[in-house]
Amino acid sequence: MGAVRGRLKAPKGTHDLFPPESERFAAVEATARRVFGSYGYGEIRTPTFEATDLFSRSVGDTTDIVHKEMYTFPDRKNRSLTLRPENTAGVVRALVERGLQDAPRPIRLWYAGPQFRYEQPQAGRYREFRQIGVELVGVAGAAGDAEVLIMLFAFLGALGFRDLTATLNCIPVGEARTIFSKALQDHARPQAERLGAEDRRRLEENPLRLFDSKDPEVARVLDGGPRTLDFLDEASRRQHEELKALLKAAGVRFTESASIVRGLDYYTRTVFEVASERLGAQNALLGGGRYDNLIGDLGGPPTPAVGFAIGEDRLIAAMQSDGRTARPVFFVVPDSPDELAYALAVAEEIRTAAPDAVVESDLTGRGLVKGLARAAQAAREPAQYAFCASGIHAVLLGSREREEKAVTIKDLSTGEQQTFSRAQLAERLGAGRER
Ligand code: HAM
């Protein structure tokens, strides 16, 4: 192996997750599993890369994602592969591949995992980021949309979010979409010279994508132009009204906006997003919507579907609560190498007696004073540690404890210290936990 030159550095737009941050991600994913599981959603894991044309056929050739943000590479047999920029296409590919024809419906799935987009990195925007998402397949209409939104807010509520509001829109479909696109072109073409080259291309090829533009001038051009909600066909309008009624009845907070279209071509009718004021410029916490044509377009039997994906990195940045469950913590400190075997045995017994506890052993045998340093630091700065502590204890084991088969446990918050027989551990810890 050649020598590594220069300083090692993670690729631009990626970031490592160390404890305790990694623990927050794990805790959020555990909450997703619990909440989504309680609505009957099971976890799906799909490959991190797929055939490139899966994304051009689903997300859409004229979207920013496919046009300029994909990590695409040929493999050794010259097949074009792409690191997934999102997970809906992969989930649909997996379902179509397995065969949807005879599958019992609806199919309820959730996922968590890394996604890749070649974007300009900034706070909250990465080239590798994580999403937690949900897909409900085989339910048409407002009831399916309502279920995923109600479940989304149950999940956000379980993480401590109380003040979030969904923004809803309904994108015209079929002929109505063609008419709407044409109306957008008629409105914007006379002002085309105010648009950059990229947006002029959007205007001609796929005018709905103008709404994704990051150029504020585009928003000004679109202002006062045709509105999605005025172009809905009768069935779409009814579905949209029904969804609003279901959300009101369920107590989901939402507003309407005719200008969110969510950057992906597969959406039909319902789209939604949730933004958080606690994030900076990249304030979109999540996005989602209905994609009733995608499964048919990708070769499956025509099947309605709806889903969303949350930017997990942004979600955690916006969380005020810690996210981790507090656990009792025990630092087991042998006074010398002679007590090491005893300490390891006591540590195992504490783990058995208190299965939710974190039990860390000092492996150096450098004495009680030095061995206690880490415990004392954890007591001073508990947020720095992987575990979230509900009480920090030191378990002090000297020659006397070893000989008498005893343990001394010190509560580092009160300084209170007790010595009792090792045989009483289970009983004492059990009693302590009931208090
Ligand atoms: P999306 O709106 O492209 O939707 O992405 C969803 C969320 O992923 C965004 O709202 C944002 O929080 C997060 N996200 C996107 N790009 C980045 C980035 N570069 N860095 C950090 N976070 C990012 C989808 O991906 C659809 N598949 C959602 C869906 C599921 N629709 C139906 N089913």
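Here goes a summary of the coordinates provided. (Residues numbered from 1 in each chain as written. Predicted model: local features only at pLDDT ≥ 70, side-chain atom pairs only at ≥ 80, totals over all residues. Heavy atoms only, no water.)

## Considering the site of the ligand
In step 1: Within the structure, the ligand sits among 27 residues, and Glu86, Glu119, Tyr126, Arg262 and Tyr267 are positioned closest to it.
In step 2: Glu119 is positioned such that a nitrogen or oxygen atom in its side chain is 2.7 Å from a nitrogen atom of the ligand.
In step 3: The set of elements that each furnish at least two residues to the shell around the ligand consists of strand E6 (128-137), strand E10 (284-290) and strand E11 (305-311).
In step 4: At 6 residues, the largest contribution of residues to the shell around the ligand is made by E10.
In step 5: The class makeup of the residues in the shell around the ligand is 12 nonpolar, 8 polar and 7 charged. (Near = heavy atom within 4 Å. Polar contact = N/O pair within 3.5 Å; in protein donor to acceptor, adjacent residues only side chain to side chain. Helix = DSSP H or I, 4+ residues; strand = E, 2+ residues; numbered from the N terminus. Nonpolar A, V, L, I, M, F, W, Y, C, P; charged D, E, K, R; others polar.)

## Considering the environment of Gly113
In step 1: In this structure, Gly113 sits in strand E5 (residues 107-116).
In step 2: Residues Gly113 and Arg45, 68 residues apart in the sequence, show an inter-C-alpha distance of 8.1 Å.
In step 3: Beyond its immediate chain neighbours, meaning those up to four positions away, Gly113 contacts Arg84, Phe129, Arg130 and Gln131. (Contact = heavy atoms within 4.5 Å.)

## Comments concerning the environment of Asp163
In step 1: Looking at the secondary structure, you find Asp163 in the loop between helix H5 (142-158) and strand E7 (166-171).
In step 2: The class of Asp163 is partly exposed, set by a relative accessible area of 44%.
In step 3: For the pair Asp163 and Glu86, spaced 77 residues apart in sequence, the C-alpha to C-alpha distance is 27 Å.
In step 4: With residues near it in sequence (within four places) discarded, Asp163 still touches Arg253 and Arg278. (Buried < 20%, exposed > 50% of the residue type's maximum accessible area, 1.4 Å probe, protein only.)

## Concerning the sheet that holds strand E2 (residues 49-51)
In step 1: Strands sit in the order E2-E4-E3 across an open sheet of 3 strands; the sheet is antiparallel. In the strand order of this sheet, the two ends are held by E2 and strand E3 (71-74), each with one partner. Here the average twist between neighbouring strands, direction ignored, is 35°.
In step 2: Of the pairings in the sheet, the one linking E3 to strand E4 (residues 80-83) comprises 4 bridges and is antiparallel in character. Bridging from a neighbouring strand, Pro74 pairs with Ser80 of E4.
In step 3: Taken strand by strand, helix H2 (residues 52-60) contacts E2, E3 and E4, and its axis lies near 80° from that of E2. (Pairing = 2+ DSSP bridges. Axes fitted to C-alpha atoms, helices over the stretch in contact; angles between N-to-C directions.)

## Notes on the packing of H5 against helix H9 (residues 234-250)
In step 1: Two numbers describe how H5 lies on H9: the axes approach to 9 Å, and their chain directions differ by 35°. Helix-helix and strand crossings are classified by hand; for H5 and H9 the assignment is right-handed. In this structure, H5 uses Ala142, Ala143, Asp145, Ala146, Leu149 and Ile150 to contact H9, whose residues at the interface are Gln239, Glu242, Leu243, Leu246, Leu247 and Ala250.
In step 2: For the contact of H5 with H9, the per-class residue count stands at 9 nonpolar, 1 polar and 2 charged. (Left-handed = near helix turned anticlockwise from the far one by under 90°.)

## Considering the packing of aromatic side chains
In step 1: Tallied over the entire structure, the rule returns 10 aromatic pairs.
In step 2: When the centroid spacing of 6.3 Å and the interplanar angle of 70° are considered together, the rings of Phe36 and Phe308 count as edge-to-face. Placement of Phe36 in helix H1 (residues 21-38) and of Phe308 in strand E11 is noted, with a sequence separation of 272 residues between them.
In step 3: According to the relative accessible area criterion, Phe308 is buried, its value standing at 2%.
In step 4: For the pair Tyr266 and Tyr267, a centre-to-centre distance of 5.0 Å together with 75° between the ring planes defines the contact as edge-to-face. Like Tyr267, Tyr266 is buried.
In step 5: Taken together, the ring pairs connect Phe36, Trp110, Phe155 and Phe308 into an aromatic cluster.
In step 6: The ring of Tyr118 has Arg127 sitting right over it, with the charged end atom 3.9 Å from the ring centre. (Phe/Tyr/Trp six-rings, centres within 6.5 Å; stacked < 30°, edge-to-face > 60°. Lys NZ or Arg CZ within 6 Å of the ring centre and 35° of its normal.)

## Comments concerning unusual backbone geometry
In step 1: In this model, Pro19 is joined to Pro20 through a cis peptide bond whose omega is 5°.
In step 2: Here Pro20 shows up in the segment before H1.
In step 3: Here the bond from Arg105 into Pro106 is cis, since omega is 0°, no more than 30 degrees from zero.
In step 4: For Pro106, the location among the structural elements is in the loop between helix H4 (88-98) and E5.
In step 5: Phi at Arg262 takes a positive value of approximately 70°, unusual for a residue other than glycine.
In step 6: Following the sequence through the fold, Arg262 ends up in the loop between strand E8 (254-256) and strand E9 (269-275).
In step 7: Take Arg262: its relative accessible area is 24%, and that puts it in the partly exposed class.
In step 8: Phi angles above zero are rare outside glycine, and Arg269 is one such case at about 60°.
In step 9: You can see Arg269 is positioned in strand E9.
In step 10: Relative accessible area serves as the criterion here: at 16%, Arg269 is assigned to the buried category.

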